[in-house]
Amino acid sequence: MYRFLLTPRWWGINLFVVLAIPFCVFMGTWQLGRFEDRVQTHEAADEQPAPGTRTAEPLDDLLPVDTVTSGRPATATGRYADQFLVPGRKLDDRDGFYVVGMLRTDSGKALPVVRGWLPGKAGHTPVPAAPTGSVTVTGDLQASENAATPGVDATGGLPAGQVSMISAASLVNLVPYNVYDAWVTLQDTETDTKTGSGSGSGSKSDGTSSAAGAATDAPAGKGGSALRPVPAAAPQNSGLDLKAFQNLGYTGEWFVFAGFVLFMWFRLIRREAEALRDLRLGLIADAGSETDRETVPATSPGNPPGTPATPDGTPAASEDAPTSP
């Protein structure tokens, strides 16, 4: 009954089913693994001690930044050089901007340090001066931002001294030195401003002023607003956010696709088998026989109804008709 499964038409259908089902199962399993990874990182983050209770470690020991080292306290020593403002950043639902100082370490590379957040419009709000001389900073380690980072506006067109994201890929084009592929956010901004000498934010190690922030610098406590610490953000693609539950939804979709392919395959087999069975029982006419009967007229023009006709349309000879001598 099922010999039709070996016909060329069914070989194509069978091959599609054999390839489609494992592919759907693989994709569903992969999406499920992505969701389980998010759950594990969320649980690991909950088990981490509070930021204020963790011991700070040297910056180089925590690089490169990953889901484990992100948010860990890191220390670095150097001198503040250029300064940049990052507009369009909110804190407690208030509009403002980040103040980023480039800390040049002894290795020659610079570490972007978010000294804090200020309300208002970047370039029009006085910024407290950065400390001068050699300083040691301790801040929560963060990975470089990208266009998908929440809060980033990558449209461009910003004035000099302002950047849309804190990223080594963008900052390295604005400064004459290498930049760490990471940044830190200070949680003790009062210490950062109190140690400043009022010589101007972004002062280079040789005492010259940086053009990035010279227009808005103000000595700490003399017209400059108090910097507010920027909380460390959870690493991207971690935690139980909306994207994590999208992975779970995609898991269900792929498994449903696999079941649908299997269901349709059995349905097509059943319909084909029923059609062949009905044909053998005579419940349906053979398509070829029906075509032949339709091409042979039952009567020909000029013959009385009921007179049989030959295939060529001529009247058939009757048994009772007289024969010629």
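All figures in this text were calculated on a predicted structure; none of them were measured in a lab.

Caption draft 1: Structural view of the overall build of the protein chain. Helix and strand counts for the protein chain come out as six helices and eight strands. Contacts in the protein chain between residues far apart in sequence, at least 24 positions, make up 69% of those at least 6 positions apart. Surface summary for the protein chain: the accessible area is close to 19100 Å², and the carbon and sulfur share equals 58%.

Caption draft 2: Quick peek at the packing of aromatic side chains. Going through the model one piece at a time under the given rule, you end up with four aromatic pairs. Ring geometry for Phe35 and Phe245: centres 6.0 Å apart, planes at 55°, overall tilted. Here the residue Phe35 occupies a position in helix 1 (residues 8-47), and Phe245 occupies one in helix 5 (residues 242-281), the gap between them amounting to 210 residues. Members of the aromatic cluster, connected to one another through ring pairs, are Phe23, Trp254 and Phe257. The lysine or arginine in question, Lys109, covers the ring of Tyr180, its NZ or CZ lying 4.5 Å from the ring centre.

Caption draft 3: The arrangement of a nonpolar patch on the surface in detail. A surface patch of nonpolar side chains, about 310 Å² in accessible area, is lined by Leu15, Val18 and Leu19. Counting through the fold element by element, Leu19 comes out in helix 1.

Caption draft 4: Layout of the nonpolar core. With 19 residues, the main nonpolar core has Tyr98, Met102, Val114 and Ile166 as its most contacted residues. No other element matches the four residues that strand 2 (residues 73-91) contributes to this core. Setting aside residues up to four positions removed in sequence, Met102 forms contacts with Arg79, Tyr80, Ala81, Asp82, Phe84, Ala110, Leu111, Pro112, Leu171, Tyr177 and Val179.

Caption draft 5: The pairing of strand 6 (residues 134-143), seen in detail. Inspection of the sheet shows strand 2 paired to strand 6 by seven bridges, in the antiparallel sense. Of the residues in strand 6, the one forming a bridge with Gly78 is Val135. By the bridge criterion, five bridges tie strand 6 to strand 7 (residues 182-186) in an arrangement that is antiparallel. Opposite Asp140, over in strand 7, you have Thr185 as the bridge partner.

Caption draft 6: Looking closely at unusual backbone geometry. Cis geometry marks the peptide bond from Leu63 to Pro64; its omega dihedral reads -5°. In this structure, Asp92 takes a positive phi of about 55° despite not being glycine. One can find Asp92 in the loop between strand 2 and strand 3 (94-105). Since its relative accessible area comes to 54%, Asp92 is described here as exposed.

Caption draft 7: Layout of the pattern of salt bridges. On inspection of all chains with the given rule, the structure shows six salt bridges. Close ionic contact of Arg89 with Glu145 constitutes a salt bridge, the shortest N to O distance being 2.8 Å. You can see Arg89 sitting in strand 2 and its partner Glu145 sitting in the loop between strand 6 and helix 3 (168-171), a full 56 residues away along the chain. For Glu145, a relative accessible area of 8% gives the class buried. In this structure, Glu274 and Arg270 form a salt bridge, with 3.2 Å as the shortest nitrogen-oxygen distance. Taken as a pair, Glu274 and Arg270 lie in helix 5 at a separation of four residues, close to a single helical turn. A relative accessible area of 58% places Arg270 in the exposed class.

Caption draft 8: Representation of the confidence of the model for the protein chain in the model. In the predicted model, the protein chain carries a mean pLDDT of 78, and the fraction of residues at 70 or more is 71%. Low pLDDT, under 50, characterises residues 196-215; the stretch is placed with 39 contacts to residues that sit more than four places away or in other chains.

Caption draft 9: Layout of the pairing of strand 4 (residues 110-119). By the criterion of burial, strand 4 is predominantly enclosed, with nine of the ten residues buried. Judged from the nine bridges that link them, strand 3 and strand 4 form a sheet pairing that is antiparallel. Note that in strand 4 the partner of Met102 across the bridge is Pro112. Following strand 3, the chain reverses through four residues before pairing antiparallel with strand 4; Gly108 in that reversal takes a positive phi of roughly 100°. The pairing of strand 4 with strand 7 spans two bridges and is classified as parallel. The residue bridging Val114 from the neighbouring strand is Thr185, located in strand 7.

Caption draft 10: Looking closely at the environment of Gly252. Relative to the helices and strands, Gly252 is located in helix 5. Once the C-alpha coordinates of Gly252 and Gly28 are considered, the two residues, 224 residues apart in sequence, prove to be 6.9 Å apart.

Calculation criteria
Residues numbered from 1 in each chain as written. Predicted model: local features only at pLDDT ≥ 70, side-chain atom pairs only at ≥ 80, totals over all residues. Heavy atoms only, no water. Helix = DSSP H or I, 4+ residues; strand = E, 2+ residues; numbered from the N terminus. Contact = heavy atoms within 4.5 Å. Areas by Shrake-Rupley, 256 points an atom, 1.4 Å probe, with all protein chains shown as cover. Phe/Tyr/Trp six-rings, centres within 6.5 Å; stacked < 30°, edge-to-face > 60°. Lys NZ or Arg CZ within 6 Å of the ring centre and 35° of its normal. Patch = residues over 30% accessible without salt bridge, like charges linked within 9 Å, V, L, I, M, F, W, Y side chains within 5 Å. Salt bridge = Lys/Arg side-chain N within 4 Å of Asp/Glu carboxyl O. Core = buried A, V, L, I, M, F, W, Y, C linked by side-chain atoms within 4.5 Å. Buried < 20%, exposed > 50% of the residue type's maximum accessible area, 1.4 Å probe, protein only. Pairing = 2+ DSSP bridges. pLDDT = per-residue confidence, 0-100.

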